[in-house]
Amino acid sequence: MKAGYSQSFLRRARVFAAGVVLALACCAQERLEPAPEGTFTYAVFSDSHRYSGGDGERPLTNAPLVSQVTWLAANLDEQRIAFVTHAGDLADKNTAAHYKLAHDLFARFHGRVPYGIAPGNHDMTAARDMARYQKFFGAAQFEPFAWYGGAYGGRRVGGEVLSGDNANSWQTFSAGGLDFVVLHLECNTPDEVLAWADGVLERNLRRMAIIVAHMYLGPVMGRDALGDDGQAFGRMRWAKIPGGNTPQEMWEKCFSKHENVFLVVSGDQASVMALRQESRGAHGNVVHEVMANYPVPADKEDWLRLYRFDPAGQVVHAFTYSPAQDRLCTGIWHLRWRDPHLFTLDISDAMGRFRARNKK
């Protein structure tokens, strides 16, 4: 580091410069351009429970999910897509028909790009039964792939085994000279699963870690309620599914403890739509926490979040893109400015720690 300049100043300067480049590119062209050489993309979509029909008179359809998957599958090379995440609520009514439709669409990724799913509250019952989800997205179909790390084996609750068979899973990928581990966790993850996640993160300390947790950022205490510190939005301190942890507890018990964690991805909160914050883990590591869930009233409902990594610049450019409209989101609904939808994350801290851990 140059004398006279703090690390925080240099990080802010890097983000500012990258943000100017991003803003100029977006102003010049609201359509998404191909990913430049030397970059790669981590694609995230969530809350695709936009099903209609299936009532005996009309066939079951999900136009936004078809649009998203079709575009992603067709643009793996052009956008240099290295990994695809679904952040939960794949189904709406937790029916076999919903999962069958999604499964047939996801077959377009199979064998072409690594991907993972973090089950949301719509993907389980109130008792955490995920039998229908597991029938169509169980571990067996992923185990042949080298990038599939494995799944939590399950926990016994009464006479049932819950949380197993790809309900909680981990994957790996490498791109741009960087190695990653991605954890996909069930909504309001229970203690036993968090302990398993601790082990996965510890065994993969040499990899940069991304955690996908369906419910995470949003109204801190629920609608129209402030936390005891006056905070309205951030890591939620309430849960939707009994028997698990709140997002704040998940952070305290697991996520914050691991130096390699630098990105936490979530969906769920349609009324908030887009949110992000920067936190520090127990090791002083910078952790970017991001949420995106663009609901039907938000113009069009097929918005994708694309995180384009630029290792040379040590930044990630986040794009929110609609395949149906073939345009970037520059302001929408109650978030009528660019920053919630098009922004830049500084990952110099995460990259520096990654390189230091891999010197040996």
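Predicted, not measured: the structure shown is a model, and the values here were computed from it. (Residues numbered from 1 in each chain as written. Predicted model: local features only at pLDDT ≥ 70, side-chain atom pairs only at ≥ 80, totals over all residues. Heavy atoms only, no water.)

Asker: Would you take a moment to explain the environment of F145 for this structure?
Answerer: Summarising the element assignment, F145 is placed in the loop between α4 (131-137) and β4 (148-151). The spacing of F145 and P114 is 31 residues in sequence and 8.4 Å in space, taken between C-alpha atoms. Those residues within four positions of F145 in sequence are excluded, and the remaining contacts are H110 and G111. (Helix = DSSP H or I, 4+ residues; strand = E, 2+ residues; numbered from the N terminus. Contact = heavy atoms within 4.5 Å.)

Asker: Explanation requested: helix α3 (residues 96-106) in the structure shown.
Answerer: One turn of the α-helix equals 3.6 residues, which is why residues spaced by three or four share an orientation. Residues of α3 that are buried include every one of H98, Y99, L101, A102, L105 and F106, and no others. The buried side chains of α3 occupy one side of the element, clustering within an arc of 160° when seen end-on. Close packing links the buried residues of α3 with β1 (40-45), α2 (63-74), β2 (81-86), β3 (115-117) and α4. (Buried < 20%, exposed > 50% of the residue type's maximum accessible area, 1.4 Å probe, protein only. Arc of directions from axis to C-beta.)

Asker: Can you help me understand the pattern of salt bridges in this one?
Answerer: Two side chains of opposite charge can pair, provided their charged atoms sit close to one another. Taken as a whole, this structure holds twelve salt bridges when the rule is applied. The salt bridge partner of K253 is D191, with a shortest N-O separation of 2.8 Å. Highlighted residues: K253 in helix α6 (residues 247-253) and D191 in helix α5 (residues 191-203), separated in sequence by 62 residues. Residue class for K253 comes out partly exposed when judged on its relative accessible area of 35%. (Salt bridge = Lys/Arg side-chain N within 4 Å of Asp/Glu carboxyl O.)

Asker: What's the story with the environment of L162 in this structure? I'm lost.
Answerer: In this structure, L162 sits in strand β6 (residues 160-162). Once you skip the residues sitting within four places of it in the chain, L162 turns out to touch A127, R128, D129, Y152, G154, R155 and V157.

Asker: Would you mind showing me how to read the pairing of β2 here?
Answerer: Remark: a regular strand shows side chains that alternate across the two faces of the sheet. β2 sits mainly inside the fold: six of its six residues count as buried. Pairing analysis gives five bridges linking β1 to β2, with the strands arranged parallel. The residue bridging Y42 from the neighbouring strand is F83, located in β2. Note on the crossover from β1 through α2 to β2: the handedness is right-handed. Of the pairings in the sheet, the one linking β2 to β3 comprises three bridges and is parallel in character. Pairing of V84 across the sheet is with Y115, part of β3. Viewed along the sheet, the connection from β2 through α3 into β3 turns out right-handed. (Pairing = 2+ DSSP bridges. Right-handed = clockwise from strand over helix to strand, strands pointing away.)

Asker: Is there a simple way to explain the sheet that holds β4 in this structure?
Answerer: Spatially, the seven strands line up as an open sheet ordered β4-β7-β8-β9-β12-β14-β13, and their pairing is mixed. Strands at the two margins of the open sheet, each flanked by one partner only, are β4 and β13 (274-280). If you compare each strand with its neighbour and ignore which way they point, the axes differ by 15° on average. Where β4 and strand β7 (residues 169-175) come together, three bridges link them in antiparallel fashion. Directly across from A151, in β7, lies its bridge partner S169. Against the sheet, α5 contacts β4, β7, β8 (178-185), β9 (208-213) and β12 (261-266), and its axis sits at roughly 175° relative to β8. The strands touched by helix α7 (residues 348-357) are β8, β9, β12 and β14 (286-292); relative to β9, the strand with the most contacts, the crossing angle is about 130°. (Axes fitted to C-alpha atoms, helices over the stretch in contact; angles between N-to-C directions.)

Asker: Which parts of the structure should I look at to understand the side chain of H341?
Answerer: Relative to the elements of secondary structure, H341 occurs in the loop between β17 (327-328) and β18 (343-346). Judged by relative accessible area, H341 falls into the buried class, the value being 0%. A polar contact of 3.5 Å, which involves the side chain of H341, links it to the backbone oxygen of W337. Not counting chain neighbours up to four residues away, the residues in contact with H341 comprise Y294, R305, A318, F319, T320, C329, T330, G331, I332 and L335. (Polar contact = N/O pair within 3.5 Å; in protein donor to acceptor, adjacent residues only side chain to side chain.)

Asker: Is there a simple way to explain the packing of aromatic side chains in this structure?
Answerer: All chains considered together, the criterion is met by 27 aromatic pairs. Centre to centre, the rings of F142 and Y148 are 5.5 Å apart; their planes meet at 25°, and the pair counts as stacked. Neither residue differs from the other here; F142 and Y148 are each classed as buried. Among the aromatic side chains, those forming a connected cluster through ring pairs are F45, Y99, F106, F109, Y115, Y133, F137, F142, F145, W147 and Y148. One residue, R235, lies across the ring of W251, its end atom 4.2 Å from the ring centre. For the cation-ring pair, R276 lies above F343, with the distance from its terminal atom to the ring centre recorded as 4.0 Å. (Phe/Tyr/Trp six-rings, centres within 6.5 Å; stacked < 30°, edge-to-face > 60°. Lys NZ or Arg CZ within 6 Å of the ring centre and 35° of its normal.)

Asker: Got a minute to help me understand unusual backbone geometry in this structure?
Answerer: Trans peptide bonds make up most of the peptide bonds, and negative phi angles are found at most residues other than glycine. Even without glycine at this site, D165 takes up a positive phi of about 50°. Assignment of secondary structure puts D165 in the loop between β6 and β7. Positive phi, close to 50°, is recorded for N188, a residue that is not glycine. Looking at the element boundaries, N188 is found in the loop between β8 and α5. Overall, N188 belongs to the buried group, its relative accessible area being 0%.

Asker: What is the right way to read the nonpolar core from this model?
Answerer: Side chains of a nonpolar character, in soluble globular proteins, are inclined to be buried together. Residues F45, L72, V84, F106, F109 and F137 are the most contacted members of the largest nonpolar core, which totals 44 residues. Only β1, α2, β2, α3, β3, α4, β15 (304-310) and β16 (315-322) provide two or more residues apiece to this core. Apart from residues lying up to four places away in sequence, F106 is in contact with F45, L65, V69, H86, L90, Y115, I117 and F137. Counting residues in hydrophobic clusters, the runner-up holds 29 residues, among them F180, V290, A318 and F354. (Core = buried A, V, L, I, M, F, W, Y, C linked by side-chain atoms within 4.5 Å.)

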